[in-house]
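Coordinate analysis (summary)
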Amino acid sequence: QLEFLANGQESSTNCVQLRGPDGRDGFVEVSFSRLHDALGRTIGTVGQGHDITELVRAREAAEASADAKGSFLATMSHEIRTPLDGIIVSSTVLLDTPLTDEQRRLCDIVKTSGDTLLKLINDILDFSRMESGRLELEQVQLAPRQVVDEVFALLGHDAQTKGLSLEYAIPDSVPTLVMGDAVRLRQVLTNLVAN
């Protein structure tokens, strides 16, 4: 089609679907450009086509694969979330009972770990958005010291069993409260400290 001429465009590229002799659909990328004389007047057009059938089919296969992956992640996330909810609820109820200081500390770690894992599972559901660069960071008020405390409480026991001393220091210049994404900050710190 040469509609681009009427629209004043210099060139136009379109994908055209064609049916081949074997009855299968194919795809051709067709490009048209204006031809000009020495004075710049349009004297004609030139066109060319490229068979892009394999490219289109590869894209469709990739999209189908991405859909299947998204469906799998959603199903697995749901299956994991059910027992995890039980852990979170049980630890919450347990914290409302009389506990020794050590029991309360350990129960807090269980609950914090469960909450963090639940948020990670929810993030898995956003995997397709992460891949496409559309994942938005949350902007809420958070306490950096509290996030660091939670990470070190979570990993401190493992460090002790390995004979490691796990310590941290936070400069006074770090604000008490900041705006940011607490879940992803916790993820980054957990990965760094765990390594």
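Below: a short report on this structure. (Residues numbered from 1 in each chain as written. Predicted model: local features only at pLDDT ≥ 70, side-chain atom pairs only at ≥ 80, totals over all residues. Heavy atoms only, no water.)

So, on to the layout of surface pockets. Quantified by volume, the largest pocket comes out at close to 170 Å³. Along the walls of the largest pocket sit Leu155, Asp158, Ala159, Lys162, Leu164, Ser165, Leu166, Val193 and Ala194, which together make up its complete lining. Along the lines of polarity and charge, the residues of the lining of the largest pocket split into six nonpolar, one polar and two charged. (1 Å grid on protein atoms, 1.4 Å probe; cavity = no way out; pocket = protein on both sides within 12 Å on 5 of 7 lines; lining within 4 Å. Points joined across faces, edges and corners; volume = space filled by probe spheres on them. Nonpolar A, V, L, I, M, F, W, Y, C, P; charged D, E, K, R; others polar.)

What follows is about the sheet that holds strand S1 (residues 11–19). To summarise the sheet geometry, strands pair through backbone hydrogen bonds and adopt either a parallel or an antiparallel arrangement. The three strands lie next to each other as S1-S2-S3, forming an open sheet whose pairing is antiparallel. Each having just a single partner strand, S1 and strand S3 (42–51) make up the two edges of the open sheet. Neighbour-to-neighbour, the strand axes of this sheet turn through a mean angle of 25°, independent of strand direction. Inspection of the sheet shows S1 paired to strand S2 (residues 25–36) by nine bridges, in the antiparallel sense. The residue bridging arginine 19 from the neighbouring strand is aspartate 25, located in S2. (Pairing = 2+ DSSP bridges. Helix = DSSP H or I, 4+ residues; strand = E, 2+ residues; numbered from the N terminus. Axes fitted to C-alpha atoms, helices over the stretch in contact; angles between N-to-C directions.)

Geometrically, a packed helix pair is captured by the angle between its two axes and the distance between the axes. In the contact formed by helix H5 (residues 144–161) and helix H6 (residues 182–194), the axes pass within 10 Å of each other and the chain directions differ by 40°. Taken together, the axes of H5 and H6 lie oblique to each other. Handedness of the crossing formed by H5 with H6: right-handed. Each of Val147, Val148, Glu150, Val151, Phe152 and Leu155 in H5 lies in contact with H6, whose residues at this interface are Ala182, Leu185, Arg186, Leu189, Thr190, Val193 and Ala194. (Parallel < 35°, antiparallel > 145°, perpendicular 65-115°, else oblique. Left-handed = near helix turned anticlockwise from the far one by under 90°. Contact = heavy atoms within 4.5 Å.)

This brings us to H6. Helix length check: H6, at 13 residues, gives a terminal C-alpha distance of 18 Å against a target of 18 Å (1.5 Å per residue), a fit within 8%. Those residues of H6 not exposed but buried are Ala182, Val183, Arg184, Arg186 and Thr190. (Expected span 1.5 Å × (residues − 1). Buried < 20%, exposed > 50% of the residue type's maximum accessible area, 1.4 Å probe, protein only.)

On inspection of all chains with the given rule, the structure shows one aromatic pair. Taking 4.5 Å as the distance between ring centres and 50° as the angle between the ring planes, the aromatic pair formed by phenylalanine 152 and tyrosine 168 counts as tilted. Here the residue phenylalanine 152 occupies a position in helix H5, and tyrosine 168 occupies one in the loop between H5 and strand S5 (178–180), the gap between them amounting to 16 residues. Exposure remark for phenylalanine 152: the relative accessible area of 16% places this residue in the buried category. The class of tyrosine 168 is partly exposed, set by a relative accessible area of 36%. (Phe/Tyr/Trp six-rings, centres within 6.5 Å; stacked < 30°, edge-to-face > 60°.)

Looking now at the pattern of salt bridges. In total, this model carries six salt bridges according to the counting rule given. A salt bridge links glutamate 102 to arginine 105; the nearest nitrogen and oxygen atoms lie 2.9 Å apart. Remark: arginine 105 and glutamate 102 occur in helix H3 (residues 101–125); sequence separation between them is three residues, near one turn of the helix. Take glutamate 102: its relative accessible area is 41%, and that puts it in the partly exposed class. The salt bridge involving lysine 111 is made with aspartate 115; its shortest N-O contact spans 2.9 Å. (Salt bridge = Lys/Arg side-chain N within 4 Å of Asp/Glu carboxyl O.)

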